[in-house]
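# Architecture and fold: a report
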Protein chains: 4
Amino acid sequence: MHTFSEKSLRLQAELSAFMDEYIYPNEKAYAEQLHQAENRFAPLPLMDSLKEKAKSKGLWNLFVPESHNQHCNHGGLNNYDYAPLAEMMGRVTWSPEVFNCNAPDTGNMEVLMNYASAEQQSQWLPPLLNGEIRSSYAMTEPQVASSDATNIELRIEKQGDNWVLNGRKWFITGAMYERTKLFIVMGKSDPENPNRHKQQTQVLVPKDTHGIQLIRPLTTLGYDDAPIGHAEIVFDNVRVPLNNVLLGEGRGFEIAQGRLGPGRMHHCMRLIGAAQRSLELACQRAASRTTFGRPLSKHQSVREDISKSFSEIEMARLLVLKTSHKMDQHGVPASVDMIAATKTTVPRLVQNIIDRCMQIHGAGGLTEDYFMAEAFNYARWCRQADGPDQVHQMALGKKVIDRFSDVQAPQPEQVS
Amino acid sequence: MHTFSEKSLRLQAELSAFMDEYIYPNEKAYAEQLHQAENRFAPLPLMDSLKEKAKSKGLWNLFVPESHNQHCNHGGLNNYDYAPLAEMMGRVTWSPEVFNCNAPDTGNMEVLMNYASAEQQSQWLPPLLNGEIRSSYAMTEPQVASSDATNIELRIEKQGDNWVLNGRKWFITGAMYERTKLFIVMGKSDPENPNRHKQQTQVLVPKDTHGIQLIRPLTTLGYDDAPIGHAEIVFDNVRVPLNNVLLGEGRGFEIAQGRLGPGRMHHCMRLIGAAQRSLELACQRAASRTTFGRPLSKHQSVREDISKSFSEIEMARLLVLKTSHKMDQHGVPASVDMIAATKTTVPRLVQNIIDRCMQIHGAGGLTEDYFMAEAFNYARWCRQADGPDQVHQMALGKKVIDRFSDVQAPQPEQVS
Amino acid sequence: MHTFSEKSLRLQAELSAFMDEYIYPNEKAYAEQLHQAENRFAPLPLMDSLKEKAKSKGLWNLFVPESHNQHCNHGGLNNYDYAPLAEMMGRVTWSPEVFNCNAPDTGNMEVLMNYASAEQQSQWLPPLLNGEIRSSYAMTEPQVASSDATNIELRIEKQGDNWVLNGRKWFITGAMYERTKLFIVMGKSDPENPNRHKQQTQVLVPKDTHGIQLIRPLTTLGYDDAPIGHAEIVFDNVRVPLNNVLLGEGRGFEIAQGRLGPGRMHHCMRLIGAAQRSLELACQRAASRTTFGRPLSKHQSVREDISKSFSEIEMARLLVLKTSHKMDQHGVPASVDMIAATKTTVPRLVQNIIDRCMQIHGAGGLTEDYFMAEAFNYARWCRQADGPDQVHQMALGKKVIDRFSDVQAPQPEQVS
Amino acid sequence: MHTFSEKSLRLQAELSAFMDEYIYPNEKAYAEQLHQAENRFAPLPLMDSLKEKAKSKGLWNLFVPESHNQHCNHGGLNNYDYAPLAEMMGRVTWSPEVFNCNAPDTGNMEVLMNYASAEQQSQWLPPLLNGEIRSSYAMTEPQVASSDATNIELRIEKQGDNWVLNGRKWFITGAMYERTKLFIVMGKSDPENPNRHKQQTQVLVPKDTHGIQLIRPLTTLGYDDAPIGHAEIVFDNVRVPLNNVLLGEGRGFEIAQGRLGPGRMHHCMRLIGAAQRSLELACQRAASRTTFGRPLSKHQSVREDISKSFSEIEMARLLVLKTSHKMDQHGVPASVDMIAATKTTVPRLVQNIIDRCMQIHGAGGLTEDYFMAEAFNYARWCRQADGPDQVHQMALGKKVIDRFSDVQAPQPEQVS
Ligand SMILES: Cc1cc2nc3c(=O)[nH]c(=O)nc-3n(C[C@H](O)[C@H](O)[C@H](O)COP(=O)(O)OP(=O)(O)OC[C@H]3O[C@@H](n4cnc5c(N)ncnc54)[C@H](O)[C@@H]3O)c2cc1C
Ligand SMILES: Cc1cc2nc3c(=O)[nH]c(=O)nc-3n(C[C@H](O)[C@H](O)[C@H](O)COP(=O)(O)OP(=O)(O)OC[C@H]3O[C@@H](n4cnc5c(N)ncnc54)[C@H](O)[C@@H]3O)c2cc1C
Ligand SMILES: Cc1cc2nc3c(=O)[nH]c(=O)nc-3n(C[C@H](O)[C@H](O)[C@H](O)COP(=O)(O)OP(=O)(O)OC[C@H]3O[C@@H](n4cnc5c(N)ncnc54)[C@H](O)[C@@H]3O)c2cc1C
Ligand SMILES: Cc1cc2nc3c(=O)[nH]c(=O)nc-3n(C[C@H](O)[C@H](O)[C@H](O)COP(=O)(O)OP(=O)(O)OC[C@H]3O[C@@H](n4cnc5c(N)ncnc54)[C@H](O)[C@@H]3O)c2cc1C
């Protein structure tokens, strides 16, 4: 529909060529390096060399929006123009890091761009934008239902010149990764505040601060998503200076709310790519295997599965594009309806599409010989990460009802 | 995404105002006129007066494409610009006729514009475009699986100066309608032709030709779709002059193939409107009724249903728009993939959306007090009309597999 | 699994023979009589003659349970043994009345057997059991969400020797039917009672009582379910003697609760028959039509649809049987979990099965040439009648959670 | 419905007590032993001690049917009586081995009981029945679509006194396990035989035979199912004596057909247990966490999810029981319809149920802290193992169509 900008089109061509030349041919090597790694959470040499290549080709920090274009070389890309690029990266699960475009760092860098002080920015943004270090965003806790952010219990107390943190977090993406140096931590600084949305504060905590224990990596459906991974962490009297506070005391909830637009869309964009690639693989498989006297491609139910998957990908992609466009035009707050619609729809659709494509591959489809099983896991956990679908549907449902309920409701006919 | 043309935007505003002023307020009156009609297939006075109003406001023949703009006053609208207008009409099942935009006439007029001789056009197009008469397209037969057009058995034989037709058709939309004067009939003129796609011919048959018997109106899910309706018809030695042939002898299949793009999309556009209105009704209902201590709008599953419906409507609408745009840019033949994707996806989605919205209304949702039950029926039969979804998925599945199967297929790893 | 009793097996054979000899061959005649009827809600001559035949063959009042066997000639049948009989009747939508086994009368007779005084019983049961008259159960109201029975507003006031009823009901099955003579009406006699479940009273109201106005028949998905139908009714100062109260003042809610077991299961039993017959029709169709070079029966997706439908019918039937057995062994109150599970599962499954079977029939599948479209409507409204699925799921969900939540919950691992 | 035998009821009680006393309390220890194992495919000490306990309690070889009761101490259990026992074992993924009831050994032992010579039986059955060794069944090959067994390519040639095997297999469950000593291998001995079902032969191959290379373990959705696992294997000039043939040359297909009944049902039985346990966990979670002011157990959509899951488990369990009963009464060949219906229905239902239960747990539900994620994987691969659902639906669909298509098909009405 809308055409992409010249810049986006050019970058799409360059990224596509890069994928062909450097990424797909390295999938096997990457899997092997990870498989053989002593420490699955150490940076992989292959990743580092690919990052250098991407940087040298100008395929770097593509997520940076125009509003923050001082932080990139390409002048900034709006969400709409970034979408097809992120989709392409989604075709290989680990490839976004190659372009410094991986979760959760893109979201974290945006938080810093939007909410950090100049001093904080100058300390943390350059190495993040340069891909030297990685970061984590630590909100979820194992002992409470964290989809309701007001349940968060980690204590952040002011003691003298310090914030003192005590509590337990889990599912902290990136925290296991050796390259990660910074945690953005949300906790309760004022648990008795009658305004439940003013009790929270966010602080910047260097990962090597005394009192931080990395308990263990967590898995989803058997995957540890190494080397980035998801960690359980204990904060045991962890102390950071008072000026590590982000935005200001009691404003943690506000940041949490603001953070979530683009990051969620990036997941959806990448999932489109994952689905599209799965579909292509399934087509190749269907064309090349034969059962009961005919190629799979001629079994009518296989055709229906391919047809459905194609159609659903089209719809999912269009939804992502419309939402991206709305964010570009009207900002995140005005777009929360479309963001919620997209976030609660695309991962589930993509999970089902990949499920079908795996099935067409037979037993092999479930293995690591193909990228589908891992992509399936990715789609599955996106129904939970950044808040479970149900909670977003609660908010969106309310909003839609409110929007239309003032219209005059027709009453059941009263004939008499 | 793409913006609509100025003209489309203006017409949207005018059509919306017209709906508010003349259509919604007349829904009850229309239902009553139809209910009390002696003959359910006679034109309704209310319809005629509304048509005059629409014509006088310039809301007439909105479906006419730019390529045929000699046939309308507005200069023609491409599919993309027409989509939001058709959607609006879809909010009231019977309203498209008010604007001379109803099925199957829009499709039939296009057939005439594209395939009829100058003489045929001058005879039939003006009264059709003027809304004086209606037309039918007669292909499907009760005794064969008609989704495979090569099964069609109605005989069309050349005898002297005439074509002689013998056979039985059913599900011929519009044929019961008293206003209908023209049938476009497909049959077999050359059943032994080794090329199965050259056996068919289409001829123009005035409805009042001797030998035509209207057997009965047919219902779907209990609805007769009066006054337009769907008829069973017997052709018993029906004779028409040789120059009533359309395009040429043996070219019936070609026309059948060409006919189907815009008509299918028009159904989908209208279904979006039907779904959207159902959603709005459901929101109003949810806001106004209370069970077990809370308004329906606060029961979480109601919110999830509303949220899902909103999201699915967004996707369906975008799919229709993309397909329309592709048709505008590249023509129907190049767009058959997107047309099939849309045709096999939207009616099913809309059926489910309306099902949910009816449920939120309780028992009343199933009645004729609301337009939902009839719209549900419309969505259901669109999964069959213009060819069942399965047949389109067969074709689309094949096409998608072919498209991607030449790509180098990754093989299961062969470690040794 | 469990074998059916000798009696049930014998009756199954007899009923099956009766269906073959008298019901299937009369389907067309029945449809025509109804179609041509001046008054669609008058008893049909064909029905009356079939009832005589059924009575003479001992296929009468098969629903009567052993506990009430004084009311039938066959000694009573428990729910389990009745299930296959009701399933058979479900194969022809209108056939249950032939055997005096139709809704809502079976449920109403049970109410009378269980809650009516001897005098009330002797007045109303004999003509009902004899099929001379029919009855209605009037609870739902158009202006409130009636799935929460405490919302009911119809006023029942004691004035002198009378109850005086004022209010509006709708969706009262059977009320339009000329044969119907009795309404069981639920209303509020004590709206200020702090116990919200003691505010309601039920009274017996002869249909011809002064002040009752039959407003109109209602349709669902285009069907009026004539001659039994569903009516909207106004009660305008309707007076009945005080001893027309059922069970006692303030005990209306208690009756409403007790009424619902067997009636709901009867719907589900019949729906199994509807689904089974649809499947059989689809098989016949698939075997007899050919598209694209092969019979439908060889298109893989048709086989998958048939296979799924077969499997789902098996499951649905087993669920009904288990629930019936539980009711026989432990009574209705102890079986509410299984009743809710069945009631919220079977109609939806059956709706989908019939949807698939209609699709295999092409356009014809949606018409009244087959019984499927009407059966589809039946399945659809069973998701709403006797309370919407959501409300039963609310109760069952709560019950299941309570049952298992006392078990020791494993906690997320706390490694440290 | 049917009651279980006294023996089954006694064993259910004993097994349940055993699970409580020895299995659930050891889940964490088992996970840790496996996690820390140098070789994930070596037998675990904990498993060995639990096996001793089970054996000493008489909870051993419970799968052995009455027809082979010489092979067990309990006199044999029919499928119906075994079903609730297998369900119980399914509550802990690794527990079936504790009772010598795990796949693929139960299926393999049955093959030996049914098809092996006395000599072959005396060599292999005692150690298998005693749990000393394990076995594998090797049919699937990576380079062909193995769901059509006639595609199998591994060559089995007679050379002198030996069969010589050359080819590649994969997804051979158990082959990685150190305890496994026997492979039952299917291959082609007579590829030119015009009867495509006589080309295959099955031979017994000791795992340590020269020429066998274990290439690698395979994963599904990230799980390696260690220690049993699934292997890729190369057979490179592997020689075994001629009398290692099973049943006879050219009879491999016959064995493959006969093998599959009980094994498939055992998977389904265990999956019911997995679903049931997931449901119980979800209930506990819903009762113990709170979001947005109410416990999860009061959010209506959570209740609906629980209600649906409960209902589906009931249906799935009943389907398994009916099929088991039919197999007991009429044998496997007469039960292929019900076996196919169960095999193609239960895994998919269970996958969805577990998906919902994981979602209710938040992010934690996807981890190994709960057994759900692994059980989800089990359900997913059961849609592929023992033949993909589509192939069984193909066969069942054909069978059902044939069954009903001889019935007189009603024709569309021909009014004239
Ligand atoms: C792979 C992955 C990566 C993640 N990365 C991070 C990260 O980097 N940093 C971080 O802080 N967190 C991260 N998370 C955690 C994620 O944000 C949380 O899982 C999510 O917010 C839900 O919190 P919870 O897990 O505590 O679930 P809960 O809050 O306990 O919710 C559990 C379930 O309850 C139900 N539920 C809750 N409320 C309602 C309602 N109103 N109506 C109906 N149902 C409801 C839903 O089914 C929901 O799924 C990650 C999660 C995953 C899976
Ligand atoms: C409301 C309505 C209006 C209509 N209006 C018109 C009209 O105006 N003019 C007109 O000519 N026709 C009209 N039709 C008819 C419509 O075009 C046909 O119904 C349609 O083409 C299918 O033909 P059929 O009904 O003969 O079904 P069949 O060809 O018998 O097909 C029946 C079913 O078989 C299955 N099937 C067939 N092929 C395959 C395959 N390859 N793979 C898998 N499954 C398959 C599908 O489930 C399909 O639904 C209308 C239909 C409806 C419902
Ligand atoms: C064909 C038919 C025959 C009938 N026959 C009779 C009859 O003979 N006598 C009689 O008295 N009644 C009859 N009924 C009416 C039936 O009992 C009611 O429709 C039903 O109880 C629901 O009441 P309602 O229609 O007022 O819907 P409402 O109570 O307004 O409910 C509407 C919807 O709200 C939603 N909802 C409500 N509560 C919740 C919740 N807690 N959580 C989530 N969602 C919720 C559901 O989606 C529900 O469908 C019949 C209905 C039909 C369709
Ligand atoms: C965990 C696991 C354990 C296993 N254990 C064993 C074992 O111990 N021993 C062993 O020999 N094998 C084992 N298998 C392999 C299993 O038996 C095969 O995967 C299965 O038979 C399918 O063969 P395939 O993988 O070659 O798929 P293919 O035959 O290539 O089929 C792939 C897909 O094609 C489609 N398809 C095929 N035919 C049709 C059709 N007619 N209509 C529509 N679609 C069709 C289906 O979607 C199917 O899933 C195991 C598999 C798994 C996942």
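Procedures and definitions
- Residues numbered from 1 in each chain as written.
- Chains lettered and ligands numbered in written order.
- Predicted model: local features only at pLDDT ≥ 70, side-chain atom pairs only at ≥ 80, totals over all residues.
- Heavy atoms only, no water.
- Near = heavy atom within 4 Å.
- Polar contact = N/O pair within 3.5 Å; in protein donor to acceptor, adjacent residues only side chain to side chain.
- Areas by Shrake-Rupley, 256 points an atom, 1.4 Å probe, with all protein chains shown as cover.
- Helix = DSSP H or I, 4+ residues; strand = E, 2+ residues; numbered from the N terminus.
- Nonpolar A, V, L, I, M, F, W, Y, C, P; charged D, E, K, R; others polar.
- Least-squares fit on C-alpha atoms with pLDDT ≥ 70 in both.
- Contact = heavy atoms within 4.5 Å.
- UniProt positions renumbered as here; feature names shortened; annotations may be inferred.
- Buried area = accessible area lost by both parts, 1.4 Å probe.
- Salt bridge = Lys/Arg side-chain N within 4 Å of Asp/Glu carboxyl O.

Before going further, it helps to examine the site of ligand 4. Taken together, 32 residues lie near ligand 4, and Gln359(A), Tyr137(D), Thr140(D), Ser147(D) and Phe171(D) sit nearest. More than one chain lines the surroundings of ligand 4; the residues nearby belong to chains A, C and D. Side-chain polar atom of Thr140(D) to a nitrogen atom of ligand 4: 2.7 Å apart, as the coordinates give it. Between a nitrogen atom of ligand 4 and a side-chain N or O atom of Thr173(D), the distance comes to 2.8 Å. Its free accessible area being 980 Å², ligand 4 has 95% of it covered by the protein chains. Elements represented by at least two residues in the shell around ligand 4 include exactly α8 (300-330) and α10 (346-360) of chain A together with β1 (134-138), β3 (162-173) and α12 (389-405) of chain D. Here the shell around ligand 4 is composed, by residue class, of 17 nonpolar, 14 polar and 1 charged.

Of the transformation superimposing chain D on chain C, the axial component is 0.0 Å and the angular component is 180°, with the fit at an RMSD of 0.0 Å. Those values place the two copies in the arrangement expected of a two-fold rotation axis. Same-surface contact between copies: 100% of interface residues of chain D are shared with the interface of chain C.

Here we take up the UniProt feature "domain: Acyl-CoA dehydrogenase/oxidase C-terminal" (unreviewed entry) in chain A. The positions UniProt marks with the feature "domain: Acyl-CoA dehydrogenase/oxidase C-terminal" (unreviewed entry) are residues 250-400 of chain A. As a span, residues 250-400 of chain A carries 75% helix and 3% strand, and end to end its C-alpha atoms are 30 Å apart.

Moving on to the interface of chain D and chain C. Counting residues at the interface gives 57 residues for chain D, matched by 57 residues for chain C. Taking both partners together, chain D and chain C bury about 5100 Å²; carbon and sulfur atoms supply 68% of that area. Joining chain D to chain C, the criterion identifies 2 salt bridges. Taking the shortest distance from any N to any O, the salt bridge between Glu314(D) and Lys322(C) comes out at 2.8 Å. Only α2 (27-36), α7 (252-288), α8 (300-330), α9 (336-343) and α12 of chain D provide two or more residues apiece to the side of chain D that touches chain C. Taken together, the residues of the side of chain D that touches chain C break down into 27 nonpolar, 16 polar and 14 charged.

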